[in-house]
Each structure stands twice: as C-alpha cells, then as structure tokens.
Amino acid sequence: MSIPEPLPAAPAARTSPDAAFAAFDRLATLIAVVGQDARIRFANTALENAWGLSRLNLHGLALDRCMADPAAFVQAIHDAGSGAFSALRYDTQLLRPGQEALPVHVVIAQGEQPDQVVIEMLPLDTQARHEREDRLLAEAQAHKELVRNLAHEIKNPLGGLRGAAQLLEMELEDPALKEYTQVIVREADRLQALVDRMLAPHRSAPKREWMNIHEICEHVQRLVLAEFPSGLTVVRDYDASIPEFQGDRERLIQAVLNIVRNAAQALVPQMREGTACITLRTRVARQITLGRQRHKLALELLVIDNGPGIAPGLLEQVFYPLVTGKADGTGLGLTLAQSFVQQHQGLIECESAPGHTVFRVTIPLG
C-alpha cells in the first residue's frame, strides 16, 4: 500500500502595504512609510487630508523634496535605517503645492522591515488646538460647578427676600411705600429668572431624537430674520451629505440661535448700511479629536459674520459666565451654547478679527 505524497503547502497570503499599515488610518497625526530612497510607500488618511491628495497620487512621491530641509531629512532616514537611533524628533515645515507650508513636529523611526522608515508628523497648530480644546473643556467644567453652586446660594436668600417684601407690603397702608416693596419683588423675580437661566443646562439630561443640522439652521435663520428684518443677509452654504444624528433638538436650536443672535446684534451698524452678512456653513470633518477622543466623522457648523470683531481682551473669555461686551447683555448666551453643545460631546471655538468672526460648532456623528 503506497503512502500518498503530501500536498504542496499553499503559498502564504501576501499582505498589501495598505493592509499592513491600516491601523495608521485611525491616527490623527500624519503618517508616511518610506523606503531608504525617501519615496512614499504608504500615506495615511490624515496625510491625504493635509496634502489634499489621495494616497494613490502620494505613492512614490519623494518626501524629502517636500521638506523645508531635504538634506537633513535624507540623512535622518539613512541613520534610522542603519540603527543610529531609535527615534529622531525635530521641527520643520511640510511643503504642500498650492498651499501654505505646514509647520510640523517630525518623528522618524525604523519600521518593521529593514528597508522601511516610519515618518510621523504632528502639525504644530494641531497640538495647539488640542491644548486649547483641553483648556476649554476644563474651563467649562469649572464654570458649570461655579454657576451651579452660586445659583443655589442665591436662590435661598432670594426667596426669603421676596417673601419678606410681600409680607411687609401687606402691613403697609401708604401706597407710596408699597411701591418700594413692589420694586423689591420685581427685582427679586428678575434675579430668579437669571438664576433659572444659569441652571437650565443642568436640570435634566438632554433628549435623544434624530435630527438634521440644516433643519436647525433654517429654523434659526427664520427667527433671526424676523427679529432683524432689514439690512441683514443670511447666506446658507450647506453640505447636503451630512447625515442625521441623535441629540436634543431644542437645546441645539438654542445653542445655534444664541450664536447667530450674538452675531446679528454685533452687526447693527452694518445693518443701517445694508452690508450686514451672516454665513451659515456646514461641512463634514473626518478623523476629528475632541476631548482627546477620536471620532471618525463629525459635523462642523461655521457661523461667520462681517462685524467689527471681538475685542482681543474679551476673545479668550467669551464663553465665561456673566462676561459680555454688550451694555445690556447678561453674559449667559454663549455660556449656555457651549454647555448645550458639550452635552452632545461637541465643542464651540471662536476666532475673530475685524470684519471676520467665526464660531465653529463641532459635533461628532459617530
């Protein structure tokens, strides 16, 4: 009886470079894998977005030619391949065709294969953005605790003050004296309303319902145009591909309304000239980091106005409670807007210069 010969072993499945480096697509930093010739063998999604080119177009590109100091970059790749160091870090600029040079912090390390070098580039403005986000989130948490404690400290004596004024009014016979007690009651009610507004974001958990950001924008722009019917133009620049998401519709309407109404109030001088303009722009953002948490997809709503801008000394404080640049403002509109957006794991950021102020609302979609 003959023994059958064993079947030849199946050839090992080859892993494409893209599959081998797929994990890099989940990183916010710009990643390129190059050979000893400095030509790109793999580029992750973040690098595609930064360059505005697909990885197919980036493949084979000489990365040293895109660096501000190509000779130093080539030498670093050679040293990494020869094992002269485990990782080299330095700051430089990434040159991009048709765009401004991007300041980056570069980390160069040997890859898994002898002929592979991994280039990690962290945009310096991204690092600053992360630090700003962390600061905004930490400040918002501190403000929430401060407002909550302060509101409760005010409410109890305020109720006693109002009740005492009403009892005193019942004992007074002179109508002229009763006017004073009525002033006390009215002012106590005004302060009570202010405290209620301060506590509004913390009284109940946000609802969860499916909504569309453009329906919210349309609703807000109708409200604002009804309040400012002449001299104001609202431009809508929407990305129709943004999907619906779950959240509290009423709170997001209030958040967007507070931002847009603030912009409209700042544009009153331009309204008299008929040049006031607010732009509502929506875009999809990919691979966004909020609060150190990575999100594959997010929506960005930009509220842009051509007003006088926010004073530099006030710009860093616009989300602080009770801080306002308006004589008749309460300083709670943007604080509440930030609280409502953060309840959706999002964030509001502001940039301002004379003639161009932008509030950016970012909310993760998944």
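Definitions and limits used
- Residues numbered from 1 in each chain as written.
- Predicted model: local features only at pLDDT ≥ 70, side-chain atom pairs only at ≥ 80, totals over all residues.
- Heavy atoms only, no water.
- Salt bridge = Lys/Arg side-chain N within 4 Å of Asp/Glu carboxyl O.
- Helix = DSSP H or I, 4+ residues; strand = E, 2+ residues; numbered from the N terminus.
- Buried < 20%, exposed > 50% of the residue type's maximum accessible area, 1.4 Å probe, protein only.
- Contact = heavy atoms within 4.5 Å.
- Core = buried A, V, L, I, M, F, W, Y, C linked by side-chain atoms within 4.5 Å.
- Expected span 1.5 Å × (residues − 1).
- Polar contact = N/O pair within 3.5 Å; in protein donor to acceptor, adjacent residues only side chain to side chain.
- Pairing = 2+ DSSP bridges.

> Tell me what's going on with the pattern of salt bridges, and back it up with residues and numbers.
Under the counting rule described, the total for this entry stands at 13 salt bridges. Residue Arg41 pairs with Asp115 through a salt bridge whose shortest N-O separation is 3.0 Å. Within this pair, whereas Arg41 is found in strand E2 (residues 40-43), its partner Asp115 is found in the loop between strand E4 (102-110) and strand E5 (117-123), the two being separated by 74 residues in sequence. Under the relative-accessibility criterion, Asp115 is labelled partly exposed at 36%. A salt bridge links Arg249 to Glu215; the shortest N-O distance between them is 2.6 Å.

> Describe the environment of Ala101, and please don't skip the residues or the numbers.
In this structure, Ala101 sits in the loop between strand E3 (87-94) and E4. If near-sequence neighbours (up to four positions away) are discounted, Ala101 is found in contact with Gln93, Leu94 and Leu95.

> A description of the nonpolar core should follow, citing residues and the corresponding values.
Membership of the largest hydrophobic core comes to 41 residues, with the highest contact counts inside it found for Leu232 and Ile278. Taken together, the elements giving at least two residues each to this core come down to helix H7 (213-227), strand E7 (232-237), helix H8 (249-266), strand E9 (276-290), strand E10 (293-305), helix H11 (333-342), strand E11 (347-353) and strand E12 (356-364). It is H8 that contributes the most residues to this core, nine residues altogether. When neighbours within four sequence positions are excluded, Ile278 is seen to be in contact with Leu232, Thr233, Val234, Val235, Val260, Ala263, Ala264, Leu267, Val303, Ile304 and Asp305. Residues Ile40, Leu47, Ile108 and Val117 belong to the second largest nonpolar core, which totals 27 residues.

> Just give me the short version of H8, but keep the residues and values in it.
Its 18 residues place the ends of H8 26 Å apart at the C-alpha level, agreeing with the 26 Å of an ideal helix rising 1.5 Å per residue. The opening residue of H8, the one whose side-chain oxygen lies 3.2 Å from the backbone nitrogen of Glu250, is Asp248.

> Tell me about the pairing of E2, residues and numbers included.
Within a regular strand, the side chains alternate between the two sheet faces. Strand direction decides the pairing type here: strand E1 (residues 30-34) and E2, joined by three bridges, are antiparallel. In the sheet register, Val34 faces E2, and the bridge partner there is Ile40. Where E1 folds back onto E2 in an antiparallel hairpin, the turn is made up of five residues, including Ala38, whose phi is positive at roughly 70°.

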